[in-house]
Amino acid sequence: MVLYSGGLDSILACRVLQEQGIRVTAVKFVTPFFGDEAADDPQRYIGRVQDKYGIRLVVKDITDEYLPMLRNPEHGYGKNFNPCIDCKILMIHKTLELMPEYDADFIATGEVIGQRPMSQRKDTLNCIRNESRAQGLLLRPLCARSLKPTIPEELGWVSREKLPHISGRGRKKQIELAEKFGITDYPNPAGGCRLADPIQGRRLNEYFRKWPGMDGNDCRLAVTGRQFILPGGWWLVLGRDKAENARLEMLKRHTDLFLQSKNVPAPAGILRNPLAKGHKPDNATVKLAAAMMLYYCRKCQGSIDVRTECFGKVDKATAIEPLSREDIDEFAVDTN
Ligand code: SF4
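Description of the structure in this document. (Residues numbered from 1 in each chain as written. Predicted model: local features only at pLDDT ≥ 70, side-chain atom pairs only at ≥ 80, totals over all residues. Heavy atoms only, no water.)

## A word on the packing of helix α4 (residues 63–71) against helix α5 (residues 84–98)
Relative orientation of the contacting elements α4 and α5 amounts to 150°, with a least axis distance of 10 Å. One finds that α4 runs roughly antiparallel with respect to α5. α4 and α5 meet at a crossing whose hand is right-handed. Here α4 contributes E65, Y66 and M69 to the contact with α5, which in turn contributes D86, C87, L90 and K94. Partitioned by chemical class, the residues of the contact of α4 with α5 number 4 nonpolar, no polar and 3 charged. (Axes fitted to C-alpha atoms, helices over the stretch in contact; angles between N-to-C directions. Helix = DSSP H or I, 4+ residues; strand = E, 2+ residues; numbered from the N terminus. Parallel < 35°, antiparallel > 145°, perpendicular 65-115°, else oblique. Left-handed = near helix turned anticlockwise from the far one by under 90°. Contact = heavy atoms within 4.5 Å. Nonpolar A, V, L, I, M, F, W, Y, C, P; charged D, E, K, R; others polar.)

Structure, rendered in structure tokens:
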């Protein structure tokens, strides 16, 4: 089983093993922080990876195991809110648990020694191997020749000599290998993880400190749309486009106040109080939320009628006073 991030290195890890006649099952882990494309439509994603790269893939959501680790990673965070070492330990350990189900004999990753300053140093790679409990069953095919031989190499399942010998920060060898395999279309190595993003990482860190009980739905809401904290600790999220409005509709809970304009294309919104889940917002808060919808509604001409729904009760609110940019900035969590 190969841990599949979708980046070139994980694609190459799969391909170099396949080239040695090994049957590969790649596993793509998803959480609210990475893997949206696979999480949103797993079957489509699986089909695309198969068609594009000839790799058989499975998608697994590990949010429930991920959140406790994210709150308190043993090895700390990287530059932003990214607990890279603990994240890898968790994913490799999860893969270890999946091995019997997929009849797998060993695990591989696309890690390259020296590629990243912290999480791909030799001592870190060893720590990940040991703490994930994968030990000798964990092969890093792209840089294995710089590491101690693993069980699949010692047993002759994998020829160490035929593996590429990649190390360091450069990408030249990976690009050459990609060309050899006819892989031309692959994502940029950076990007993809919200925890490593300076703005989203800071926001998530702040929310976890404020609301330590955040669950998967809260985290998905935290990475959607425009974010505001209103008086009384009410968390308002507004959609920026049709897709985000649809996502908010999917994420709304019975205890949320869900706001929607029925007449004009306007942002949809969720008002939630993570510290007081059974409470309804008061009228002033609902009016303020409606006024914020009005601010972002291009087609509204000076007023908006909003349909609200909370605890199954449908109501309405009207906003006629557009807010100023300063008012918006007062409540905005980051740049909106
Ligand atoms: S960048 Fe994100 S997904 Fe990648 S190892 Fe770090 S925390 Fe995990």
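## Considering the state of the cysteines
Counted according to the given criterion, the structure contains 1 disulfide. Two residues share a disulfide in this structure: C297 and C300, whose sulfurs sit 2.1 Å from each other. Judged by the sign of its S-S torsion, about 85°, the bond between C297 and C300 is right-handed. Each of the two residues, C297 as well as C300, counts as buried. Free of any disulfide, C127 has its nearest cysteine sulfur in C84, 13 Å distant. (Disulfide = S-S within 2.5 Å. Buried < 20%, exposed > 50% of the residue type's maximum accessible area, 1.4 Å probe, protein only.)

## Focus: the sheet that holds strand β9 (residues 269–272)
In space, the 6 strands of this open sheet follow the order β6-β7-β9-β8-β10-β11, with antiparallel pairing throughout. The sheet is open, and its two edges are formed by β6 (226–230) and β11 (313–319), each paired on a single side. Direction aside, the axes of adjacent strands within the sheet are offset by 20° on average. Relative to strand β10 (residues 304–310), strand β8 (residues 257–261) runs antiparallel, the two being bridged by 4 bridges. The residue bridging Q260 from the neighbouring strand is R307, located in β10. Here helix α12 (residues 283–295) sits on the sheet and contacts β6, β7 (234–238), β8, β9, β10 and β11; the angle it forms with β8, its principal contact strand, is near 35°. (Pairing = 2+ DSSP bridges.)

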